[in-house]
Each structure stands twice: as structure tokens, then as C-alpha cells.
Amino acid sequence: MPQSKVGSAQTSPTLPTPAHGVRWTTPIVETPGIVVLGSWIWRLVRFLVTLPFRFPVTVACLSASAGAWWWFDWPGPASLWGLAAVVSLVWWRAWPDTYRTWVTLRLLAWWRHVFVYRRHWQPVLVISGLAESYQERRYLPRIRRVTCSEWADYVRVTLVAGTAPADFETRVAELAHGFQAPSCRVVVDGPRRITLEFPRHDTLAEPLDALDVPDTADLTALPVGRCEDGSPWLLRLHGTHVLAAGVTGSGKGSVIWSAVRAMLPAIADRTVQVWALDPKRMELSYGRDLFAHYADDGESAVALLELAVADMQNRARRYAGKQRSHVPGRKDPFVLVVIDEVAFLTAYHPDRDVRRRAENAIATLTSQGRSVGFSVLAALQDPRKEVMNLRNLFPDKVALRLDEASQVDMILGEGARDRGGNAHLIHPTLPGVAYVRMETSPAPVRVRAAYVSDDDITAMTNAYGSASFSGGESS
Ligand SMILES: Nc1ncnc2c1ncn2[C@@H]1O[C@H](COP(=O)(O)OP(=O)(O)O)[C@@H](O)[C@H]1O
Ligand SMILES: [Mg+2]
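- The protein has the name FtsK/SpoIIIE domain-containing protein in an unreviewed UniProt entry, where Streptomonospora nanhaiensis is given as its organism.

Written out as C-alpha cells, the structure is:
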């Protein structure tokens with residue numbers, strides 16, 4: 001086998017001959033013993049000082065174990081605490097992330113308890129009118145415990161006899177300011193026990209991009225945005241009607257479009273039809289190919305509403321005595337009637353006959369449509385009674401930014417504002433932020449709808465447009 005050229009060309013490097021025969025070596029300087037000792041002591045002190053912060057659980061368990069052994073001479077509890085210390089170390093080794101998060105939140109809770117809540121508790125309660133300055137401490141509501149999640153502090157409070165959670169509910173704005181939180185929510189835990197929830201920062205400050213289109217559409221829990229605690233905001237449409245209220249620019253369009261986007265798979269497989277009424281011709285015209293029917297002026301909108309009523313009544317007649325609830329299918333799709341700026345039809349339209357017919361049709365749809373698979377999703381600017389007296393026919397409501405404090409209870413129901421549903425305080429720079437009532441929580445929950453941009457709508461129309469269903473246009 002011929003030898004490799006490269007291999008044969010390699011020669012071992014020769015070291016330069018030292019001048020005058022002197023060979024240089026690296027001088028060895030010995031560190032003085034005192035410096036080595038000092039460095040070791042410094043490391044040990046640093047280790048011991050940071051130990052309780054890095055391993056607070058282990059240190060606490062070991063201290064309890066030593067205390068039980070030393071002072072009380074209890075071998076049983078001492079060994080149990082010792083075992084707990086070992087378990088905590090195993091936890092740290094096996095799941096370092098959850099361990100770190102848990103420890104960080106515990107330390108943060110301790111810090112917030114001592115330096116924020118306990119420190120300012122009495123002055124804030126006195127100034128906000130929840131306690132008197134001359135009261136003895138035993139008449140001051142007592143902080144039982146403070147815990148922290150990644151985004152909020154939870155202050156568990158025991159009320160003094162003779163006070164009610166409602167006293168705190170009416171002072172949420174003062175409490176939020178007092179403890180420098182963006183908001184405050186009161187959750188009633190039981191008799192004389194409440195939890196005050198203080199977000200540490202606004203988790204909804206950043207706009208949310210349009211969510212991914214789900215593989216299947218769950219019409220009872222459509223992902224349309226995010227809740228303040230980071231969980232998805234799931235909107236129910238099947239079996240209910242939804243009213244989204246907010247001033248111009250509050251982001252009503254993003255609620256509508258996020259809902260349509262979450263239903264796309266069902267629109268494509270023809271188990272859902274969206275009928276769109278767009279009297280302002282601004283909001284929905286962009287994606288009209290996604291809709292089974294579309295109407296954009298008063299006359300055609302009313303005609304479309306009446307068509308929906310007729311279809312609904314036909315279906316109800318077919319179901320009578322045979323079927324009690326609706327299951328979406330190709331034969332009987334779920335029909336969502338989307339009405340942007342509903343007051344334009346029911347209050348502002350110049351033709352009295354159009355207003356009356358629109359109101360009648362919406363009232364019929366909302367009172368009879370739920371069980372046969374017809375729902376209404378309506379957007380409204382002004383929730384006052386004279387403008388929209390059909391408000392109460394919508395079981396679910398979304399309060400985006402509102403003009404006046406008094407409008408919050410009109411939308412979210414009695415007492416919603418007192419419980420922290422401050423839709424009138426939503427900042428104009430936060431379109432899409434809203435308060436909603438969830439089945440799981442009596443207090444309104446702050447949410448933000450995902451923003452479906454014009455480009456998203458174009459992409460949705462291209463992918464799921466009119467080829468996907470067999471509807472015609474009424475206008
Ligand atoms: N969820 C949202 N997140 C971020 N920005 C939004 C959101 N919704 C709306 N916006 C912004 O606010 C503007 C007004 O929203 P729009 O839905 O037209 O309000 P409305 O229908 O209530 O008058 C939009 O053009 C958009 O720039
Ligand atoms: Mg709009």
C-alpha cells in the first residue's frame with residue numbers, strides 16, 4: 001500500500017536550542033498558607049450563609065430534627081424530620097425546576113408578607129375605611145397567610161365579627177392602590193374568611209397574537225384569548241348567547257374574530273355555519289367568504305335575522321317530541337348569528353319598522369335558539385337600557401372597556417364592579433382586555449382576547465373560505 005504523502009511529510013518539531021545552554025522553566029510560587037486558609041473559610045461561610053436560601057426546606061427540616069432531638073429528646077419526630085430533609089434533597093435532585101420555583105415563591109411570599117402586607121396592613125385598612133385608627137389590634141382583620149403564584153399574591157384574611165366580605169369588595173380600588181397592585185379581587189372562602197388577590201404586574205399588558213387554529217372545535221370551550229392567571233380563556237357558544245360590550249376601539253372585533261377562528265375546523269367540515277350581520281360594513285366584510293350568509297345593511301340584516309328565526313323554528317318543529325338537545329352535524333349545523341354593532345339595528349336605524357323587526361327577531365332567537373343549535377354573538381357599544389333592552393336575553397357577557405362605572409353592573413350583573421370588575425378602568429392602550437364571569441368564579445375574571453389581524457383573516461379566508469360550505473349570500 002503506498003504511503004500517504006501527508007503522513008510521510010510530517011516530521012517531529014524540534015525545540016529551539018536554549019541560548020547559552022540555559023533551559024527556562026515556569027517558576028513555582030507557593031501560595032502562603034494563610035491565604036489558602038482564608039479562602040477556604042470564606043467559601044465555607046458563603047456556603048453556610050446561602051444554604052438556608054438554597055435549601056430552605058432541607059435546612060428547616062434538619063433544624064426541626066436537631067431541635068426535637070436536642071431539647072425534647074424525641075427520637076420519633078427527630079427521625080421523621082430527618083427523613084423529610086432527605087426527601088427534600090431527593091426532590092431537588094430529581095425535579096430541580098419545580099423545586100426552585102417552589103422555593104422562590106415561598107421566599108417571595110415570606111418577603112411580601114413581612115415587608116408589604118403586614119407592614120402596611122393597618123394604615124391601608126384605616127385609610128381605605130375598613131378599620132378605625134383607634135381600634136385595638138384584635139378588631140383589625142387578621143392576615144392568616146400570604147402565598148404567591150408566578151403572577152399574583154394571595155392574602156388570606158380573617159374578618160372581624162360584624163364585618164362582611166362586601167365591605168372589602170367595595171374597597172378593591174383603595175386596596176389595590178394601598179398595596180401598589182394593578183388591581184385587587186376578593187374571593188370569599190367561607191364564613192369570615194376571604195382571600196385578596198393582588199396581581200404583581202399586568203400579565204395582559206402585551207397583545208396576544210391570533211391563537212393557533214385548533215384541530216377540532218369544542219363549541220363549549222373555544223380558545224379565544226388568555227386569562228390574567230395565564231390559563232386559556234375558553235368561550236362557550238353552543239347552548240348560550242354572548243354579548244360583547246365596549247366603547248369604540250375596545251376590541252370587540254377581536255372577540256368576534258377569535259371565536260370565528262377557533263371554529264374554523266367545524267366551519268370547514270360544515271358542522272358550523274356563521275351568519276354575519278355587519279351594519280357598519282367595517283368589521284366582518286373582510287372575511288365574508290367564511291360566512292354562510294352575510295348582510296350589511298338594515299333591510300338585508302333584518303331579512304337575514306328573520307330567515308334565522310324561520311330556520312330555527314323549523315328545526316324546533318322537527319325536534320318536538322323526538323329530540324331535546326342539539327348535536328352539531330352536517331344536516332343540522334350549529335348556527336352562530338354574529339351581529340356587529342347590534343344597536344345600529346335595534347336603536348339607531350332610521351326606519352322604525354326595521355328596528356322593531358330586528359328586536360323581535362333577536363328576542364326570538366335568543367329566547368328559543370339555545371336548545372336547537374342557534375346562538376347569537378352580538379357586539380354592542382352602549383349598554384344602557386334604552387339602547388339595548390334585550391341585554392338580559394344573553395346569558396354570557398364580555399365587558400370590554402366601558403365609558404362609565406355604572407355600565408359594569410349592566411353588563412356583568414349586580415355587584416360585578418364591587419367585586420373588582422373594573423371594566424371602566426381598562427386603559428385605552430389595552431384593546432381586547434375585558435372582564436368576564438366564569439362558572440368557576442363569582443368574581444369577574446380579567447381576560448384578553450387574541451388579536452386576529454387583517455393578514456390572519458386573509459389567511460383564514462384563503463384556507464377555509466367559501467369552498468368549505470354550501471351557503472349563499474343574502475345581500
Ligand atoms: N385583542 C387585541 N389585542 C391588541 N390590539 C387589539 C385587540 N383588539 C383590537 N385591537 C386594536 O384595537 C383596534 C380597534 O379594535 P376593534 O376590534 O376594531 O374595536 P371595536 O370593534 O371595539 O371598535 C384594532 O384596530 C387593533 O389595532
Ligand atoms: Mg368593531
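Here the narrative resumes.
### Remarks on the overall build of the protein
Then comes step 1: Secondary structure assignment for the protein yields 14 helices and 14 strands.
Then comes step 2: The globule rule puts the C-alpha radius of gyration for 475 residues at 23 Å, and the 33 Å found for the protein is more than 25% above it.
Then comes step 3: Looking at the protein as a whole, 43% of its 475 residues qualify as buried.
Then comes step 4: The contacts of the protein with a sequence gap of at least 6 include a subset with a gap of at least 24, amounting to 65%.
Then comes step 5: Element-wise, carbon and sulfur atoms account for 57% of the exposed surface of the protein, whose accessible area totals about 26100 Å².
Then comes step 6: Here the protein contributes 52 positively and 48 negatively charged side chains, and the mean placements of these two sets differ by 8 Å.

### Side note on the site of ligand 1
Then comes step 1: Ligand 1 sits among 16 residues. The nearest are G249, G251, K252, G253 and A449.
Then comes step 2: A distance of 3.0 Å separates an oxygen atom of ligand 1 from a polar backbone atom of G253.
Then comes step 3: Interatomic distance of 2.8 Å between a backbone N/O atom of A449 and a nitrogen atom of ligand 1.
Then comes step 4: Relative to its free-state accessible area of 550 Å², ligand 1 is covered by the protein chains to the extent of 73%.

### Focus on the nonpolar core
Then comes step 1: The biggest cluster of nonpolar side chains holds 44 residues, and the ones touching the most others in it are L277, L305, V337, I339 and L365.
Then comes step 2: It is helix α10 (residues 298-319) that contributes the most residues to this core, eight residues altogether.
Then comes step 3: If we ignore the near neighbours within four places in the chain, the residues touching I339 are L277, L305, L345, I362, V376, L377, A378 and A379.
Then comes step 4: Within the second largest apolar cluster, 42 residues are counted, among which are C227, V242, V338 and V447.

### What about the packing of helix α4 (residues 75-94) against helix α5 (residues 96-127)?
The description of two packed helices rests on the angle between their axes and on the distance between the axes.
Then comes step 1: Two elements in contact, α4 and α5, have axes whose closest approach is 5 Å; the angle formed by their N-to-C orientations is 120°. Counting all contacts with α4, which are made through S88, W91, W92, R93 and A94, the residues of α5 involved are P96, T98, Y99 and W102.

### Some details on unusual backbone geometry
With glycine set apart, most residues show a phi of negative sign, and most peptide bonds adopt trans.
Then comes step 1: The backbone of R192 sits at a positive phi, close to 65°, despite the residue not being glycine.
Then comes step 2: Topologically, R192 is positioned in the loop between β3 (185-190) and β4 (193-199).

### Some details on the confidence of the model for the protein
A low pLDDT score tells you not to read the predicted coordinates there in detail.
Then comes step 1: Summary statistics for the protein give a mean pLDDT of 86 and a share of 90% for residues scoring 70 or more.
Then comes step 2: This model gives residues 1-13 a pLDDT under 50, and the stretch forms one contact once residues within four places in sequence are excluded.
Then comes step 3: Across residues 467-475, confidence stays below pLDDT 50; counting only partners more than four residues off in sequence or on other chains, it has 24 contacts.

### Structural notes on the UniProt feature "binding site: ATP" (unreviewed entry) in the protein
Then comes step 1: UniProt's feature table lists "binding site: ATP" (unreviewed entry) at G246, V247, T248, G249, S250, G251, K252 and G253, given in the numbering used throughout.
Then comes step 2: Checked against the element boundaries, G246 lands in the loop between β7 (242-245) and α8 (252-262).
Then comes step 3: Its relative accessible area of 0% is what places G246 among the buried residues.
Then comes step 4: Position of V247 among the secondary structure elements: in the loop between β7 and α8.
Then comes step 5: For V247, a relative accessible area of 10% translates into the label buried.
Then comes step 6: If sequence neighbours within four positions are ignored, V247 has contacts with K252, Q381, R401, L402 and D403.

### Focus: the state of the cysteines
Then comes step 1: All told, the structure shown has zero disulfides when counted by the stated rule.
Then comes step 2: Distance from the sulfur of C148, which forms no disulfide, to the nearest cysteine sulfur (C184) is 14 Å.

Here is what the cut-offs are and how they apply
Residues numbered from 1 in each chain as written. Chains lettered and ligands numbered in written order. Predicted model: local features only at pLDDT ≥ 70, side-chain atom pairs only at ≥ 80, totals over all residues. Heavy atoms only, no water. Helix = DSSP H or I, 4+ residues; strand = E, 2+ residues; numbered from the N terminus. Rg over C-alpha atoms; globule rule 2.2 N^0.38 Å. Buried < 20%, exposed > 50% of the residue type's maximum accessible area, 1.4 Å probe, protein only. Contact = heavy atoms within 4.5 Å. Areas by Shrake-Rupley, 256 points an atom, 1.4 Å probe, with all protein chains shown as cover. Lys, Arg positive; Asp, Glu negative; His and termini not counted. Charge placed at Lys NZ, Arg CZ, Asp CG, Glu CD. Near = heavy atom within 4 Å. Polar contact = N/O pair within 3.5 Å; in protein donor to acceptor, adjacent residues only side chain to side chain. Core = buried A, V, L, I, M, F, W, Y, C linked by side-chain atoms within 4.5 Å. Axes fitted to C-alpha atoms, helices over the stretch in contact; angles between N-to-C directions. pLDDT = per-residue confidence, 0-100. UniProt positions renumbered as here; feature names shortened; annotations may be inferred. Disulfide = S-S within 2.5 Å.

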